[in-house]
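Listed below are the residues making up each chain.
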Amino acid sequence: MNLNSSYQGVMVDADDTRPILIVPYMWIGDFVRGHTVVRVLKERWPNRPVDLLVNRQVAPVVDYMPGVRKGILWDLPRKRLALARQWELAAKLRAENYGTALVMPRTWKSALAPALAGISERIGFVGEVRFGLLNQWRWGEKKLPRMIDKKCALALPEGTPLPPEWPVPQLRVTADEIARWRAANGLGNGPAVALAPGSVGSSKRWSYYAEAARLLVERGLDVWVIGGPGEKSLAQEIVAAAGPKARDLTTNDLRNGVIGMAAAGVAVSNDSGLMHIAAALDTPTIGIFGPTAPQLWGPLNPLAATIQTKTFVPCQPCHRPVCTQNNHACMRDLPAIDVADITAQVLADFQARIALS
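This one's a predicted model, so the numbers in the text were calculated from it and none came from an experiment. (Residues numbered from 1 in each chain as written. Predicted model: local features only at pLDDT ≥ 70, side-chain atom pairs only at ≥ 80, totals over all residues. Heavy atoms only, no water.)

**Some points on a nonpolar patch on the surface**
For clarity, the cut-off: Residues enter a patch when their relative accessible area is above 30% and they make no salt bridge; the linking distance is 9 Å between like charges and 5 Å between nonpolar side chains (Val, Leu, Ile, Met, Phe, Trp, Tyr). The method behind every accessible area is Shrake-Rupley, applied with a 1.4 Å probe, and residues are considered shielded solely by the protein chains displayed. Salt-bridge detection follows one rule: a side-chain nitrogen of Lys or Arg within 4 Å of a carboxyl oxygen of Asp or Glu. In this text, helices come from DSSP runs of H or I with a minimum length of four residues, and strands from runs of E with a minimum of two, each type numbered from the N-terminal end. Burial classes follow relative accessibility: with a 1.4 Å probe on protein chains only, a residue under 20% of its type's maximum area counts as buried, one over 50% as exposed, and anything between as partly exposed.
On the surface, Leu81, Leu83, Trp87 and Trp108 cluster together into a nonpolar patch covering about 380 Å² of accessible area. Structurally, Leu83 is set in helix α4 (residues 83–94). Residue Leu83 is classed as partly exposed on the basis of its relative accessible area, which comes to 44%.

**Overview of helix α2 (residues 35–44)**
Definition in use: Note on contacts: a residue pair is in contact if any heavy atoms of the two residues lie within 4.5 Å.
Here α2 lies mainly inside the structure; seven of its ten residues are buried. Taken residue by residue, α2 has His35, Thr36, Val37, Val38, Val40, Leu41 and Arg44 as its buried positions. Buried residues in α2 make contact with β2 (11–12), β3 (20–23), α1 (28–33), β4 (50–54), β6 (100–103) and α6 (147–153).

**A word on the pairing of strand β9 (residues 192–196)**
Residues in a regular strand point their side chains to alternate faces of the sheet. Definition in use: Two strands are counted as paired when DSSP detects at least two bridges linking them. The definition of a right-handed crossover adopted here requires that, viewed with the strands pointing away, the path from the first strand over the helix to the second runs clockwise.
Of all the five residues making up β9, five are buried; the element is thus mostly covered by neighbouring parts of the structure. Residues of β9 alternate between two faces, with Ala192, Ala194 and Ala196 on one and Val193 and Leu195 on the opposite face, all of them buried. Where β9 and strand β10 (residues 222–225) come together, four bridges link them in parallel fashion. Within the sheet, the bridge partner assigned to Ala192 lies in β10 and is Asp222. This β-α-β element, β9 to helix α8 (residues 209–218) to β10, shows right-handed connectivity. Bridge count for β9 against strand β12 (residues 266–270) is four bridges, and the pairing is parallel. Note on β12: the bridge partner recorded for Ala196 is Ser269.

**Description of the side chain of Glu231**
To keep things clear, this is the line we draw: When charges are counted, neither His nor the chain ends are considered; positive counts come from Lys and Arg and negative counts from Asp and Glu.
One can find Glu231 in the loop between β10 and α9 (232–242). For the buried Glu231, no salt bridge is present, and the opposite-charge side chain at shortest range is Arg205, 5.1 Å distant. If we skip the residues at most four places from it in the chain, Glu231 touches Gly198 and Thr250.

**A word on the sheet that holds strand β13 (residues 285–288)**
The test is simple: Axes here mean lines fitted to C-alpha atoms, for a helix over just the part in contact, with angles spanning 0 to 180 degrees between N-to-C directions.
The sheet built from six strands is open, its strands ordered β11-β10-β9-β12-β13-β14 with parallel pairing. Two strands bound the open sheet, and with one partner strand each, they are β11 (246–248) and β14 (305–307). On average, adjacent strands in this sheet sit at an angle of 20° to one another, irrespective of strand direction. Sheet topology places β12 next to β13; four bridges connect them, and they run parallel. What sits directly across from Val268, in β13, is Ile286. Seen against the sheet, α8 touches β9, β10, β11, β12 and β13 and runs at an angle of roughly 180° to β9.

Here is the structure:
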């Protein structure tokens, strides 16, 4: 065993081969940022397989996460215990012989199946009276300012001083898969701007994607609208405004979003799961922020640009899913021409770097 220089006093153990299960948050952005936990675990135990519990929505992302062996698919209902299904999941987990389970959510039911499966180490923060379900309690969650600190603290021995920076999330899509995706969608090989106009909560949605798309198309750029079925009508509105060089690529399969963001030359996104996906893919990403603070909710990966209104908005950031001021000033006062100009410049800079490499 060797000392890991990244974390004070933590040993690297290459001899341990017991599989590890992570029970993550299932929101797309949180799920992607959770790949940092995988990287921390692989630094400590390079030969312990790491699996993630997943639902159908986030399951495709696992295929692009380095260091993850597989996803364990199980769609448990959100608002009820579903004890029979918990027993079924426990049997599935027991067959994998996990040595450790990291339970990220603080809910009682998130810890139930690992306990029923008899996983010997069950680690999580105190919450919802989970006595007996977890056997390695962690305290002090509220003192950790960022979500990533809370998650990664569970991957280190209790009391380990946390580093100022963590490994950033990574997603990897092969060039062959990108080429097949482009061909299947008839997209050619030219540079494109991916727009992600959706988000959880209407307050985080910028209003002028259609106008920005038109401006980008006028500059000769292809525009792809990426998102889920909830963004279908918005995508059609954007495409109608921008013309034939714009494409609606929304689907109900998140895999499409991952590959689309990997294929794009630059991504423009609200504070959403697709923003985190694009950033983890190393696609130059422009994040549009209004009610949320980028220093708290932005990707760990560096963004190509963060756009916020220059207008003084006294309620910003409010972190509310719906604007309570009835004017949405934090997102309304971001002109489409500014976003289009920044996007075109980021794409030009990115293409210049590629040409020089």
